[in-house]
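Below, each chain spelled out in residue letters.
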Amino acid sequence: SQQGEEDPQALSIQEGENATMNCSYKTSINNLQWYRQNSGRGLVHLILIRSNEREKHSGRLRVTLDTSKKSSSLLITASRAADTASYFCATRNTGGFKTIFGAGTRLFVKA
Amino acid sequence: EAQVTQNPRYLITVTGKKLTVTCSQNMNHEYMSWYRQDPGLGLRQIYYSMNVEVTDKGDVPEGYKVSRKEKRNFPLILESPSPNQTSLYFCASSLREAGGEQYFGPGTRLTVT
């Protein structure tokens, strides 16, 4: 069963704008991770946020986690055409070993 | 170069013909996993392995088998493939359990006719 649900399913913006994607999940988690996938290729890890963290930054990426709402957001600032890709959140349940991915958000950045 | 490799990258086969997709990592990772990706469904975990000889089912294990006899290899076996197993398959590994960053292979596109 899918736990992570991304919102929106697709997003189209102009280069230079910020892109925000959201992820919701259903159970208690150890951490939440964001991955990027260029068309048909393997996923690349972007950032991991632990359940006791509220915000994390990496370059132009900012991730927030609200465990009370069971949700996370990924913000990409000053987007570039090269950011065009699909973005997935992934969670690992507390005490479990499974990894559950959401259906992803397709981001298109227009030059 | 640290990497996860999969073979073959593309495969077209017929219903019922047994096949194996190989996965190998050179990072000495304990945790390995197989996923399938279908349009609109994201990635769904098929099987995972916490270490040699330790495997467990993910969310969609039906019709698949795995083995972990060596730390670096984690093959995915389809004993009797069916058309509903047509998908894009990814192998991934991480340093510990499922909690760390996962490194993904390039994917295997399987078509079962």
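See the structure shown above.
Residues numbered from 1 in each chain as written. Chains lettered and ligands numbered in written order. Predicted model: local features only at pLDDT ≥ 70, side-chain atom pairs only at ≥ 80, totals over all residues. Heavy atoms only, no water.

In this section: the packing of aromatic side chains. Counting across every chain of the model gives eight aromatic pairs over all chains. Between the aromatic rings of Y31(B) and Y48(B), the centroid separation amounts to 6.0 Å while the plane-to-plane angle is 25°, which identifies the pairing as stacked. Linking Y31(B) in strand β4 (residues 31-38) with Y48(B) in strand β5 (residues 42-51), this pair joins segments that are 17 residues apart in sequence. Comparing Y31(B) with Y48(B), the two get one shared label, buried. Arranged with centres 5.7 Å apart and planes meeting at 35°, the rings of Y35(B) and F104(B) form a pair that is tilted. Here Y35(B), found in strand β4, pairs with F104(B), found in strand β10 (residues 103-104); they are 69 residues apart in sequence, far enough to count as distant. Taken individually, Y35(B) and F104(B) each receive the classification buried, so the pair is uniform in this respect. Aromatic ring contacts, followed pair by pair, group Y35(A), F101(A), Y35(B), F90(B) and F104(B) into a single cluster. (Phe/Tyr/Trp six-rings, centres within 6.5 Å; stacked < 30°, edge-to-face > 60°. Helix = DSSP H or I, 4+ residues; strand = E, 2+ residues; numbered from the N terminus. Buried < 20%, exposed > 50% of the residue type's maximum accessible area, 1.4 Å probe, protein only.)

This paragraph deals with the pattern of salt bridges. Considering all chains together, one arrives at nine salt bridges over all chains under this definition. The partner of R36(A) in a salt bridge is D83(A), with the nearest N and O atoms 3.9 Å apart. Taken together, the residues span a long stretch of sequence, with R36(A) in strand β4 (residues 29-37) and D83(A) in the loop between β8 (71-76) and β9 (85-93) at a distance of 47 residues. For the pair R36(A) and D83(A), a shared accessibility class is recorded, and that class is buried. Note that E30(B) and K71(B) form a salt bridge whose closest N and O atoms lie 4.0 Å from each other. Here K71(B) lies in the loop between β7 (65-66) and β8 (76-78) and E30(B) lies in the loop between β3 (19-25) and β4, a separation of 41 residues in the sequence. A relative accessible area of 23% places E30(B) in the partly exposed class. It is possible to trace a salt-bridge network through shared partners that takes in R36(A), R60(A) and D83(A). (Salt bridge = Lys/Arg side-chain N within 4 Å of Asp/Glu carboxyl O.)

Residue and element names in this part refer to chain A. On the basis of which strands lie adjacent, the open sheet formed by five strands has the order β1-β3-β8-β7-β6 and antiparallel pairing. Across the chains shown, the open sheet's two edge strands, defined by having one partner strand only, are β1 (5-7) and β6 (55-58). For this sheet the average axis-to-axis angle between neighbouring strands, irrespective of direction, equals 20°. As judged from the six bridges shared by strand β7 (residues 61-66) and β8, these two strands associate in the antiparallel manner. What sits directly across from R62, in β8, is L75. (Pairing = 2+ DSSP bridges. Axes fitted to C-alpha atoms, helices over the stretch in contact; angles between N-to-C directions.)

On to the nonpolar core. By size, the foremost hydrophobic cluster in this structure holds 20 residues, and its most contacted members are M21(A), L32(A), W34(A), L74(A), I76(A), Y87(A) and L107(A). Put simply, the parts of the chain that give this core at least two residues each are β3 (19-24), β4, β5 (44-50), β7, β8, β9 and β11 (105-110) of chain A. Ignoring sequence-local partners within four residues, the contact set of M21(A) consists of D7(A), W34(A), S72(A), S73(A), L74(A), I76(A), Y87(A), T105(A) and L107(A). Within the second largest apolar cluster, 19 residues are counted, among which are I46(B), Y64(B), L76(B) and Y89(B). (Core = buried A, V, L, I, M, F, W, Y, C linked by side-chain atoms within 4.5 Å. Contact = heavy atoms within 4.5 Å.)

It is worth spelling out the sheet that holds β7(B) at this point. Residue and element names in this part refer to chain B. Read across the open sheet, the four strands follow the order β1-β3-β8-β7; overall the sheet is antiparallel. Both outer strands of the open sheet, β1 (4-7) and β7, are each paired with one neighbouring strand and no more. The sheet contact formed by β1 and β3 spans four bridges and is antiparallel. Paired with N7 across the two strands is T22, which belongs to β3.

Moving on to the interface of chain A and chain B. Of the residues lining the interface, 21 residues belong to chain A; the matching set on chain B comes to 25 residues. Here chain A packs against chain B, burying approximately 1,800 Å² in sum over the two surfaces, 50% of which is carbon and sulfur. Applying the counting rule to chain A against chain B returns one salt bridge. In this structure, K98(A) and D59(B) form a salt bridge, with 3.4 Å as the shortest nitrogen-oxygen distance. (Buried area = accessible area lost by both parts, 1.4 Å probe.)

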